[in-house]
Amino acid sequence: MQPSNPHILKLDQFLTELDRFDLIIDVRSPAEFALDHIPGAVNYPVLDNEERAKIGTLYKQVSPFAAKKLGAALVSRNIAHHLEDYLLEMPREWRPLIYCWRGGERSGAFTHILNRIGWKAMQLEGGYQGFRRTVIDGLEAAAKQFSFHVICGMTGSGKTRVLQEAQQYDSQILDLEDLAIHRGSVLGNEPNIEQPSQKGFETALWNALRSLDPTKPVLVESESKKVGGVHIPDALMEKIRNGACIELRSSTQTRVSWLIREYHHFLSDTDNFKRKLALLTAHYGKVQIAQWNEAIDAKQFPSLVEELLVMHYDPSYQSSIVRNFPQYKIENFVQLENDSDEAFAKAAKAIVAKLNLN
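Everything numeric in this text was worked out from a predicted model, so none of it was measured.

Reading the values: the criteria
Residues numbered from 1 in each chain as written. Predicted model: local features only at pLDDT ≥ 70, side-chain atom pairs only at ≥ 80, totals over all residues. Heavy atoms only, no water. Helix = DSSP H or I, 4+ residues; strand = E, 2+ residues; numbered from the N terminus. Buried < 20%, exposed > 50% of the residue type's maximum accessible area, 1.4 Å probe, protein only. Contact = heavy atoms within 4.5 Å. Areas by Shrake-Rupley, 256 points an atom, 1.4 Å probe, with all protein chains shown as cover. Lys, Arg positive; Asp, Glu negative; His and termini not counted. Charge placed at Lys NZ, Arg CZ, Asp CG, Glu CD. Expected span 1.5 Å × (residues − 1). Pairing = 2+ DSSP bridges. Axes fitted to C-alpha atoms, helices over the stretch in contact; angles between N-to-C directions. Phe/Tyr/Trp six-rings, centres within 6.5 Å; stacked < 30°, edge-to-face > 60°. Lys NZ or Arg CZ within 6 Å of the ring centre and 35° of its normal. Core = buried A, V, L, I, M, F, W, Y, C linked by side-chain atoms within 4.5 Å. Polar contact = N/O pair within 3.5 Å; in protein donor to acceptor, adjacent residues only side chain to side chain. Parallel < 35°, antiparallel > 145°, perpendicular 65-115°, else oblique. Left-handed = near helix turned anticlockwise from the far one by under 90°. Nonpolar A, V, L, I, M, F, W, Y, C, P; charged D, E, K, R; others polar.

(A) Broad picture of the overall build of the protein. Per the secondary structure count, the protein includes 16 helices and 12 strands. Dimensions of the protein along its principal axes, counting C-alpha atoms only, are 70 × 45 × 35 Å. Of all 358 residues assigned to the protein, the portion counted as buried reaches 45%. A separation of at least 24 residues holds for 72% of the contacts in the protein among residues at least 6 apart in sequence. As presented, the protein carries roughly 18700 Å² of accessible surface, and 51% of it is formed by carbon and sulfur atoms. For the protein, the separation between the mean place of its 41 positive charges and that of its 45 negative charges on side chains is 6 Å.

(B) Layout of helix H16 (residues 341-354). Between the first and last C-alpha of H16 there are 20 Å, a value that for 14 residues agrees with the 20 Å anticipated at 1.5 Å per step. Along H16, the positions that sit buried rather than exposed are Ala-343, Phe-344, Ala-345, Ala-347, Ala-348, Ile-351 and Val-352. Summarising the contacts, the buried residues of H16 are in contact with strand E6 (148-152), helix H7 (159-166), strand E8 (218-221), strand E11 (244-250), helix H11 (252-262) and strand E12 (333-336). Just downstream of H16 lies Asn-356, where phi reads positive at about 55 degrees.

(C) View of the sheet that holds strand E5 (residues 122-124). The parallel open sheet is built from 5 strands, whose spatial order is E1-E5-E4-E2-E3. The open sheet has two edge strands, strand E1 (8-9) and strand E3 (42-43), and neither has a second partner. Here 2 bridges tie strand E2 (residues 23-26) to E3, and the two strands are oriented parallel to one another. Residue pairing for E3: Ile-25 is matched across the bridge by Val-42. Lying on the sheet, helix H5 (residues 105-117) is in contact with E2, strand E4 (96-99) and E5; it crosses E4 at an angle near 155 degrees.

(D) Inspection of the packing of aromatic side chains at higher detail. In this structure the tally under the stated criterion is 11 aromatic pairs. Between Tyr-44 and Tyr-86 the ring centres are 4.5 Å apart and the planes differ by 10 degrees, which places this aromatic pair in the stacked class. Note that Tyr-44 is positioned in the loop between E3 and helix H3 (49-61) and Tyr-86 in helix H4 (residues 64-87), a separation of 42 residues in sequence. Given the relative accessible area of 43%, Tyr-86 is considered partly exposed. Both rings, one in Tyr-284 and one in Trp-292, keep their centres 5.5 Å apart while their planes meet at 65 degrees; by these two values the pair is edge-to-face. Note on Trp-292: relative accessible area 1%, which makes it buried. Aromatic ring contacts, followed pair by pair, group Phe-14, Trp-101, Tyr-128, Phe-131 and Trp-206 into a single cluster. The aromatic ring of Tyr-128 is capped on one face by Arg-28, whose charged end is 4.5 Å from the ring centroid. One cation-aromatic arrangement involves Arg-249 over Phe-333; the distance from NZ or CZ to the ring centre is 3.9 Å.

(E) Geometry of the sheet that holds strand E7 (residues 172-173). Ordered by their spatial adjacency, 5 strands build an open sheet running E7-E8-E6-E11-E12, and the pairing between neighbours is parallel. Both edges of this open sheet fall to E7 and E12, since each of them pairs with a single strand only. The pairing of E6 with E11 spans 4 bridges and is parallel. Note on E11: the bridge partner recorded for Val-150 is Cys-245. The strands touched by H16 are E6, E8, E11 and E12; relative to E12, the strand with the most contacts, the crossing angle is about 170 degrees.

(F) Layout of the nonpolar core. Formed by 45 residues in total, the largest nonpolar core has its most connected members in Phe-14, Ile-38, Leu-174, Leu-205 and Leu-209. With 6 residues, the top contributor of residues to this core is helix H6 (residues 127-145). Every residue in contact with Phe-14, bar those within four places of it in the chain, is listed here: Leu-9, Ile-38, Leu-97, Leu-124, Phe-131, Thr-134 and Trp-206. If you look at the next biggest cluster of nonpolar residues, it comprises 20 residues, including Ile-55, Val-75, Leu-87 and Phe-110.

(G) Just the environment of Asp-341, in detail. Counting through the fold element by element, Asp-341 comes out in helix H16. Spatially, the C-alpha atoms of Asp-341 and Arg-20 are 39 Å apart, while their sequence positions differ by 321 residues. Of note is the side chain of Asp-341, whose polar atom sits 2.8 Å from the side chain of Arg-161.

(H) Structural view of the packing of helix H14 (residues 281-297) against helix H15 (residues 301-324). Viewed as axis vectors pointing N to C, H14 and H15 meet at an angle of 155 degrees, and their least axial separation amounts to 9 Å. The angle between the axes of H14 and H15 places the two elements in the roughly antiparallel class. Viewed along their axes, H14 and H15 form a crossing whose handedness is left-handed. The segment H14 lies against H15, with Tyr-284, Gln-288, Trp-292, Ala-295 and Ile-296 engaging Phe-301, Leu-304, Glu-307, Leu-308, Met-311 and His-312. Looking at side-chain class alone, the contact of H14 with H15 contains 8 nonpolar, 2 polar and 1 charged residues.

Written as structure tokens, this is what we have:
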């Protein structure tokens, strides 16, 4: 019987030990790391994108032995670079966690070298794939454990701002749009920032829920199943949609003012504004899109935003809210007086009080 490796962190110990490591090192390629990784991890690849592809081709077309020989040389060279560039100043007590795709040779080599030097390095059992199972299981458990209260409201009513303000009144919140890096509409992408991959979004969601107390309700805003290009896991979405609802109401004037402030990047990048509106051509036709483009050129932004609200966003909200949120009641609302800081704070305080969240 082979003795167990003392430098392997078992997957069932991962959650209890995760926050005790000084650094989490992902030794996968930069492309693998970009798709998803353990929160807080740094990427010290033992094979870069091109090297990984080269070794894979050699493995298939020549032999596993040939691939291992070249792979060992490349891995050794890259580990040496990481030691010289990042790790020489680390004290003897330094304790990193290292992982690769399956918890195999890439992380094993790095872990072995660090331990031979004298550091207390650990290798994650199952690697990223093991971590991924932890995320999926954690999200399924969260859908059963957590209860949610939902801030509903038409586009531009200030739901996200009020959600964030609610934290000041000791409320737990889950900001799905922040995690998705998207504001949830055809115009909702954040300028110059890419959304995470679906796996990356799920990891961020898992990590956010990990910091919350499942015995207390969590405040969230109403969302579609998809937030931009990522979708909320079905079980969690169903639990959110069955939560108690409260509507944030704002006047059309307030909503227009707030949206112009929040989406100011479209006022300077009008070509991008037009490209986004072109996505609505199938719904409204080329003539209507051309009229909206003329309004953009004339810088008639307040009237254009109001027309978009009345024609597109408000009807969509009104038809979906009753259908998707069974606990929505028209009489259960808080009014946002205007788009000042004081008004948002007052509305958040009123919502927290009505839902008994603190």
